[in-house]
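# Structural overview
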Amino acid sequence: MFSALLITAFSCSSDPEPINFGNEQCELCKMTISDIKFGAEVVTKKGKVHKFDAAECMMNSLSQGKIKTEDAGGYYVIDAANPKNLIDAVKAAYLISEKFPSPMGAGLSAFANKTDAEAVQKNFGGELKSWDEILLKFKVNQ
Amino acid sequence: MKIGTQNTRNKTECRGKKAFFSGLPFNSAYSAFHNIYRAAILIVLFVSQGWAKDIYVSQGGSIGDAVISSGPGDKVIIKKGSYKESGIIIDKPIEVTGEDYPEIDGMGKGEIFTVRSDNVTIKGIKLINCGYSSMKDFAALKIENASGCRIEQNKLLNNFFGIYLAGSKKCEIISNEIISNAVSEISSGNGIHLWKCDSILVSGNIITGHRDGIYFEFVTHSKVLNNRSEKNIRYGLHFMFSNYDDYENNVFKNNGAGVAVMYTRYVKMINNRFEDNWGPNAYGLLLKDISDALIQHNMFHKNTTGLYSEGGTRINILNNTFSENGWASKILGNCTDDTVKLNNFIGNTFDVSTNSSRNTNLFSENYWDKYNGYDLNKDGAGDVPFRPVSMFSMVVEETPASLFLLRSFIVELLDVAEKVVPVFIPESLIDERPRMSELRGTK
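Described below are features of the structure shown in this document. (Residues numbered from 1 in each chain as written. Chains lettered and ligands numbered in written order. Predicted model: local features only at pLDDT ≥ 70, side-chain atom pairs only at ≥ 80, totals over all residues. Heavy atoms only, no water.)

Residues and elements named next belong to chain B. Positioned with a positive phi, Asn119 is a non-glycine residue whose angle comes to about 55°. Positionally, Asn119 belongs in the loop between β7 (113–115) and β8 (121–123). The class for Asn119 is partly exposed, based on a relative accessible area of 48%. One non-glycine residue, Asp276, adopts positive backbone phi at about 55°. Locating Asp276 in the fold gives a position in the loop between β27 (273–275) and β28 (283–291). (Helix = DSSP H or I, 4+ residues; strand = E, 2+ residues; numbered from the N terminus. Buried < 20%, exposed > 50% of the residue type's maximum accessible area, 1.4 Å probe, protein only.)

Put into structure tokens, the structure is as follows:
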């Protein structure tokens, strides 16, 4: 584990680190990250990894200034259509649907492919959003 | 499928109807013959129009067909035996009961019962093996947008979600046994899951082996009483955004991460036991952004952290006992205007820990077994104040790895030095009237 830490510390990459579902805690809400369709991660420019159980927790962390957007090197979210897989959050398609509940009550899910988001929307209803629209909705200062 | 009508029940119904008819003025002139004739007509009516008839299903029969053939107010009685069925949709107010716990096996396909009507009762049935899906929350028994439903004395075994209520109100979930043998959080759902509900009673249930034992999200004015939630993979009880709820006389034991209460106002937690929740992220009770709560007469026993509070405002923590925990309580610096009064702190490694040198919370009249002051005026309260935060607990909060120094000479020296000249410990985090003896009346 120590060597893993060293590698992360020296590599300074902003690549995502897989979420260990069932064992890791959400940095904001303290819940154990367990729903494999949801989850998010911010990797800072210095390589520090912040993990969340839901995209809304990442958004709230950013809007509350707990993580500064200027420090962030990469944003990642779990692809709801391909559980456990972290994808680039900026390029993801988002769905806000009450009928497709997310861990922290926002009904926010993310998808690598827009077609997957549309398929879920067809089943559960809701509105499709882009990354920029999500930032706006959660009042994240850029 | 065997369909039959039960004589005794129809007889009672007849009597009721007879009284109604005999009240009519023209009725008095009828002869005995007419009376019998009329009774016969009534029985036919009951059967043909389906008023409160009993429908029996025995092994080999179809429960789904019986439900479809039933009418409002009917009773579907399932005889002892095992049935393989799923996707039974109940869309009318009926009662489904089992005799000697008939077993319905969902065979891993979708939901066993889905209720979409008010006033449905499901009682005395054993439900096993509902479906699993990563996209849909399948439950053995789901109630959607209904009120007045009653789920009573059922046994649920090895299901994804057990009992799932969405958008429902005034329902009762009573004395069910909900057991799953899930191995990981990921493939398991919650035992009792409530989403957007109001005025629900959850009482006397036993839940074990699920992800969360009892899960509330957007649930208001509900009561959780006398339940036992243990050995669940994540939380024994977990609720978010659920205001005005009461939790009384429950036991939450040996759950992966204890009990979590988040983003909630006006909640009462009384007479519960939070026990044996061990692990790096395990808490007897985790409070996150809670306000105006009452936590009274609870027992926190043998947890890594008994009570953890982050962002707690106006919480009254009264008459509780904290015994043999690693940390009895961690009350973080962003907690304001909380009251910790008349509690017992016995045999904990740390009694109170915090991460800030500021404190706006009141600690008063607690019994601390670590207190070694005196009481000269014999009023039951120590004459010198007690500071429950030890210097070392602040160090551990900053650098968890330093915990291995616990009970070493250097740590004792540190604590004594801080006692003499307080620098790091919040000045106001002090019990001015520590009790000399253990408080009775706490659980």
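Another point: the sheet that holds strand β3 (residues 72–78) of chain A. Residues and elements named next belong to chain A. An order of β2-β1-β3-β4 is seen for the 4 strands of this open sheet, with the pairing classed as antiparallel. Two strands bound the open sheet, and with one partner strand each, they are β2 (49–52) and β4 (86–88). Averaged over all adjacent pairs, the angle separating strand axes in this sheet is 25°, with direction ignored. Relative to β4, β3 runs antiparallel, the two being bridged by 3 bridges. Paired with Tyr76 across the strands is Asp88, a residue of β4. Contacts from helix α2 (residues 55–63) reach β1 (40–44), β2 and β3, with the element oriented near 155° to β3. (Pairing = 2+ DSSP bridges. Axes fitted to C-alpha atoms, helices over the stretch in contact; angles between N-to-C directions. Contact = heavy atoms within 4.5 Å.)

Another aspect to go through is the nonpolar core. Core analysis: the largest hydrophobic core is formed by 83 residues, its most contacted members being Phe113(B), Ile122(B), Met269(B) and Leu285(B). The element contributing the most residues to this core is strand β13 (residues 161–166) of chain B, with 5 residues. Leaving out residues up to four positions away in the same chain, Phe113(B) has contacts with Ile63(B), Ile88(B), Ile90(B), Val96(B), Ile104(B), Ile122(B), Ile125(B), Leu127(B), Ala140(B), Leu141(B) and Lys142(B). Judged by nonpolar contacts, the second largest core, of 48 residues, contains Leu28(A), Val42(A), Ala54(A) and Tyr94(A). (Core = buried A, V, L, I, M, F, W, Y, C linked by side-chain atoms within 4.5 Å.)

All names here are of chain B. Considering all chains together, one arrives at 22 aromatic pairs over all chains under this definition. When the ring of Phe239 is compared with that of Tyr247, the centres are 4.3 Å apart and the planes differ by 15°; the resulting orientation is stacked. Pair check on accessibility: Phe239 and Tyr247 agree, each one buried. Residues Phe322 and Phe345 carry aromatic rings whose centres are separated by 4.8 Å and whose planes lie at 5° to one another, so their mutual orientation is stacked. Pair noted here: Phe322 is in strand β33 (residues 321–323) and Phe345 is in strand β36 (residues 344–346), with a separation of 23 residues, a long-range link. Feature note: the residues Phe252, Phe274, Phe300, Phe322, Phe345, Trp368, Tyr371 and Phe386 constitute an aromatic cluster, connected by ring pairs. For Lys196, the ring lying beneath its charged end belongs to Phe218, and the centroid distance is 5.4 Å. (Phe/Tyr/Trp six-rings, centres within 6.5 Å; stacked < 30°, edge-to-face > 60°. Lys NZ or Arg CZ within 6 Å of the ring centre and 35° of its normal.)

Residues and elements named next belong to chain B. The strand order across the open sheet built from 12 strands is β4-β7-β10-β13-β16-β19-β22-β25-β28-β31-β34-β37, with neighbouring strands paired in parallel fashion. Here the strands that pair on one side only, and so sit at the sheet edges, are β4 (88–90) and β37 (350–353). When strand polarity is set aside, the average angle formed by the axes of neighbouring strands in this sheet is 10°. Pairing of strand β34 (residues 327–331) with β37 involves 3 bridges; the strand directions are parallel. Considered in β37, the bridge of Lys330 is made with Ser353. Contacting β34 and β37, helix α4 (residues 391–398) crosses the sheet at an angle of about 60° to β37.

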